[in-house]
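# Inside the fold
Listed here are the chains, written in short residue letters.
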Amino acid sequence: MQHVKILQLDGNLMNLALSKLARYHVERGDTVSFHEPNPDLVYVGAIFDWTAKRFKGQGMLTKAKIIRGGPPFSDERLSPEIDALMPYYPLWGVDYSLGYTSRGCIRACDFCIVPRIEGGIRNDQPVSQFHDPSHKKVILLDNNFLASPRWKENCDYIKDQALQVCFCQGLDI
């Protein structure tokens, strides 16, 4: 059994990758927390360059293996096995489910990192795969939900479950 510390450097929402890594370790029987005093493994996640640049490993124990992830640190992705997991919502104590139904984008805006790191639009997970039935709210991180190849299927699920939805990005009409 490992003691795993999760360190989310930025973002107002739960970090999706960190929450899936937390689920992976919990299912293996590891202890996972934000405040693990003597971790064997530390996951550090960031979304923004300026946050990652400020992180110098403050308060980190040298004996712990530290894995940094997110766009400022690496283009590396979660393994398909871990990426398919339901996020571990209990650690964050949230009342919403969070995920992507599609990745990539149909656009190629000069200012945007998405085409470089995600490519063109493609299916990801159906809402049902990351929706916790105890949640009535879902936050969709898709870059353009209505450009998703499965938008209708996902809309039907949202309607059938009477979910409140927050679309974080654009919606083509």
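Scroll up to find the structure.
Since the model is a prediction, treat every value here as computed from it, not as a measurement.

### With respect to the packing of aromatic side chains
- What the rule picks out here adds up to three aromatic pairs.
- An angle of 85° between the planes, with centres 5.2 Å apart, marks the rings of Phe-34 and Trp-92 as edge-to-face. With Phe-34 in the loop between β2 (31-33) and β3 (41-45) and Trp-92 in helix α4 (residues 89-92), this pair connects stretches of sequence that are 58 residues apart.
- Take Phe-34: its relative accessible area is 25%, and that puts it in the partly exposed class.
- Of note, Arg-103 hangs over the ring of Tyr-100, and the distance from its end group to the ring centre comes to 3.5 Å.

### Remarks on the pairing of strand β5 (residues 96-99)
- Residues Tyr-96 and Leu-98 line one face of β5 and the alternating positions Ser-97 and Gly-99 line the opposite face, and both faces are buried.
- Looking at chain direction, β5 and strand β8 (residues 137-140) are connected through four bridges and run parallel. Paired with Gly-99 across the strands is Leu-140, a residue of β8.

### Comments concerning helix α1 (residues 16-27)
- Its twelve residues place the ends of α1 17 Å apart at the C-alpha level, agreeing with the 16 Å of an ideal helix rising 1.5 Å per residue.
- Extensive coverage of α1 is indicated by the burial of nine of its twelve residues.
- Of the residues making up α1, those classed as buried are Leu-16, Leu-18, Ser-19, Lys-20, Leu-21, Ala-22, Arg-23, Tyr-24 and His-25.
- For α1, the elements touching its buried residues are β1 (3-8), β2, β3, α3 (80-83), α4 and β5.
- Its side-chain oxygen at 3.1 Å from the backbone nitrogen of Ala-17, Asn-15 defines the N-terminal cap of α1.

### Digging into the nonpolar core
- Core analysis: the biggest nonpolar cluster contains 30 residues, and Ile-6 and Trp-92 have the highest contact counts within it.
- At the level of secondary structure, the elements contributing two or more residues to this core comprise β1, α1, β3, α4, β5, α6 (127-130) and β8.
- Sort the elements by how many residues they give to this core and α1 lands first, with five residues.
- The contacts of Ile-6, once residues within four sequence positions are left out, are Leu-18, Ala-22, Val-32, Ser-33, Phe-34, Tyr-43, Leu-91 and Trp-92.

### A closer look at the sheet that holds β1
- With respect to topology, four strands assemble into an open sheet ordered β2-β1-β3-β4, the strand pairing being parallel. The strands lining the two open edges of the sheet, one partner per strand, are β2 and β4 (65-69). Each neighbouring strand pair of the sheet contributes to a mean axis angle of 20°, computed without reference to strand direction.
- Pairing of β1 with β2, which is carried by three bridges, proceeds in the parallel orientation. Residue Lys-5 lies in a different strand from β2, and its bridge partner there is Ser-33.
- The strands touched by α1 are β1, β2 and β3; relative to β3, the strand with the most contacts, the crossing angle is about 160°.

### A closer look at the side chain of Thr-51
- Examined against the element boundaries, Thr-51 turns out to sit in helix α2 (residues 49-54).
- Within the structure, the side chain of Thr-51 is placed 3.1 Å from the side chain of Asp-10, a separation counted as a polar contact.

### Structural notes on the environment of Asn-12
- Structurally, Asn-12 is set in the loop between β1 and α1.
- Measuring from C-alpha to C-alpha, the distance between Asn-12 and Ala-64 comes to 26 Å, with 52 residues separating the pair along the chain.

Criteria and thresholds
- Residues numbered from 1 in each chain as written.
- Predicted model: local features only at pLDDT ≥ 70, side-chain atom pairs only at ≥ 80, totals over all residues.
- Heavy atoms only, no water.
- Phe/Tyr/Trp six-rings, centres within 6.5 Å; stacked < 30°, edge-to-face > 60°.
- Helix = DSSP H or I, 4+ residues; strand = E, 2+ residues; numbered from the N terminus.
- Buried < 20%, exposed > 50% of the residue type's maximum accessible area, 1.4 Å probe, protein only.
- Lys NZ or Arg CZ within 6 Å of the ring centre and 35° of its normal.
- Pairing = 2+ DSSP bridges.
- Expected span 1.5 Å × (residues − 1).
- Contact = heavy atoms within 4.5 Å.
- Polar contact = N/O pair within 3.5 Å; in protein donor to acceptor, adjacent residues only side chain to side chain.
- Core = buried A, V, L, I, M, F, W, Y, C linked by side-chain atoms within 4.5 Å.
- Axes fitted to C-alpha atoms, helices over the stretch in contact; angles between N-to-C directions.

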